[in-house]
Amino acid sequence: MDVLDHHNIDSLRNLIGNLSFHDFYTYDHSINVSMYCITIYRAVNPKASRVQLIHAGLGGLLHDLGKIKIPTHILNNPGGLSDEDYQVMKKHPDFGLDLLLNGHCEVDPEIDLKIIARVVHEHHENFDGTGYPSKLKGKDEIHLLARVCTIADFFDAITTKRTYNEVLTIPEAMNTMRKFRAIKLDPDIFDIFDQHVRYVRAEATRDLKLSDSFDPTLPYAVLPIEEIKKIERELDFGKIKVIDPKKRKKA
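For the structure given in this document, a descriptive report is provided here. Computed from a prediction, not measured in an experiment: that's the story for all the values here. (Residues numbered from 1 in each chain as written. Predicted model: local features only at pLDDT ≥ 70, side-chain atom pairs only at ≥ 80, totals over all residues. Heavy atoms only, no water.)

**Observations concerning the packing of aromatic side chains**
Evaluation of the coordinates by the stated rule reveals 6 aromatic pairs. Look at Phe 155 and Phe 193: their rings are 5.3 Å apart centre to centre, the planes differ by 85 degrees, and that puts the pair in the edge-to-face class. In this pair, Phe 155 sits in helix α10 (residues 144-159) while Phe 193 sits in helix α12 (residues 187-197), placing the two residues 38 residues apart along the sequence. Under the relative-accessibility criterion, Phe 155 is labelled buried at 5%. Taking the relative accessible area as the measure of exposure, Phe 193 reaches 8% and is therefore buried. (Phe/Tyr/Trp six-rings, centres within 6.5 Å; stacked < 30°, edge-to-face > 60°. Helix = DSSP H or I, 4+ residues; strand = E, 2+ residues; numbered from the N terminus. Buried < 20%, exposed > 50% of the residue type's maximum accessible area, 1.4 Å probe, protein only.)

Structural data, given as structure tokens:
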């Protein structure tokens, strides 16, 4: 609210407005991610300046800006994207970067568009280097605010209901996200986030596993998730198998 009231961001307002008309879910999601980014960054850096918090908030608000250039039939296809459509979807960080840096945006001098552009461009980079679009890795290559945004984006994607998608409770979401610690998510930032929401975690909750290929930007009809116990049963975990001595000798 401080940014909207006291800074010259008319050009950014226009971009945000265009996003809301293009795809309202993405707009609503971006507002949530913005608030989470500010909250998480404040927890990571309790002495954060007002300007730093503004950059965290704007990075979250604009992280999916590039989706303006993604056709809505791809953005809102819960039936699963073809490989070709997924490749189109994965271009939205590049599109967002171009809109910010080459879209003639004029902002208050204390707002650094290059920092916000890094959040927009890097929020799908995984901590282990398996993300996109540039396969950046770790703290040295991925901007701090982008790593914050990745956690905020992931959390909101699995806890906010779309019209065709069931969501996880907060305890289930945290248990699920913990399995991606140091894989998709910065482990240190996630631990701080985890500690701050620990008080809402219930004793009784399902232990879930989310598919390694999960991408918070995709419109899942059903989240690709299973209960750990079900998986263990299917793989016969914990069962003692007797090996026939004769077969063992032949082997």
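**Digging into unusual backbone geometry**
Between Tyr 132 and the following residue, Pro 133, the backbone shows a cis peptide bond with an omega angle of 10 degrees. A positive phi is found at Lys 135, a non-glycine position, where the angle reads about 55 degrees. Take Lys 135: it is sitting in the loop between α8 (113-122) and α9 (138-141).

**As for the environment of His 121**
Mapped onto the secondary structure, His 121 falls in helix α8. Once the C-alpha coordinates of His 121 and Lys 91 are considered, the two residues, 30 residues apart in sequence, prove to be 9.7 Å apart. Residues within four places of His 121 in sequence aside, it is in contact with Pro 93, Asp 94, Leu 97, Pro 133 and Ser 134. (Contact = heavy atoms within 4.5 Å.)

**Observations concerning α12**
Quick reminder: α-helices carry 3.6 residues per turn. Residues three or four places apart thus point the same way. Among all positions in α12, only Pro 187, Ile 189, Phe 190, Phe 193, Asp 194 and Val 197 are buried. Angular distribution of buried residues about the axis of α12 spans 160 degrees; they occupy a single face of the element. Of the surrounding elements, those touching the buried residues of α12 are α3 (24-44), α10 and α11 (170-178). Two or three places before Asp 188, at the opening of α12, Asp 186 has a side-chain oxygen 2.9 Å from that residue's backbone nitrogen. (Arc of directions from axis to C-beta. Polar contact = N/O pair within 3.5 Å; in protein donor to acceptor, adjacent residues only side chain to side chain.)

**Re the pattern of salt bridges**
Inspection of the entire model under this criterion finds 9 salt bridges. Where Asp 64 meets Lys 67, a salt bridge forms, and the shortest distance between an N and an O atom there is 3.3 Å. Taken as a pair, Asp 64 and Lys 67 share a single burial class, namely buried. Between Asp 186 and Arg 147 there is a salt bridge, with its nearest N and O atoms 2.6 Å apart. Residue Asp 186 is found in the loop between α11 and α12, and its partner Arg 147 is found in helix α10; the two are separated by 39 residues along the sequence. Each member of the pair, Asp 186 as well as Arg 147, carries the same accessibility label: buried. (Salt bridge = Lys/Arg side-chain N within 4 Å of Asp/Glu carboxyl O.)

These figures come from the coordinates and say nothing about function on their own.
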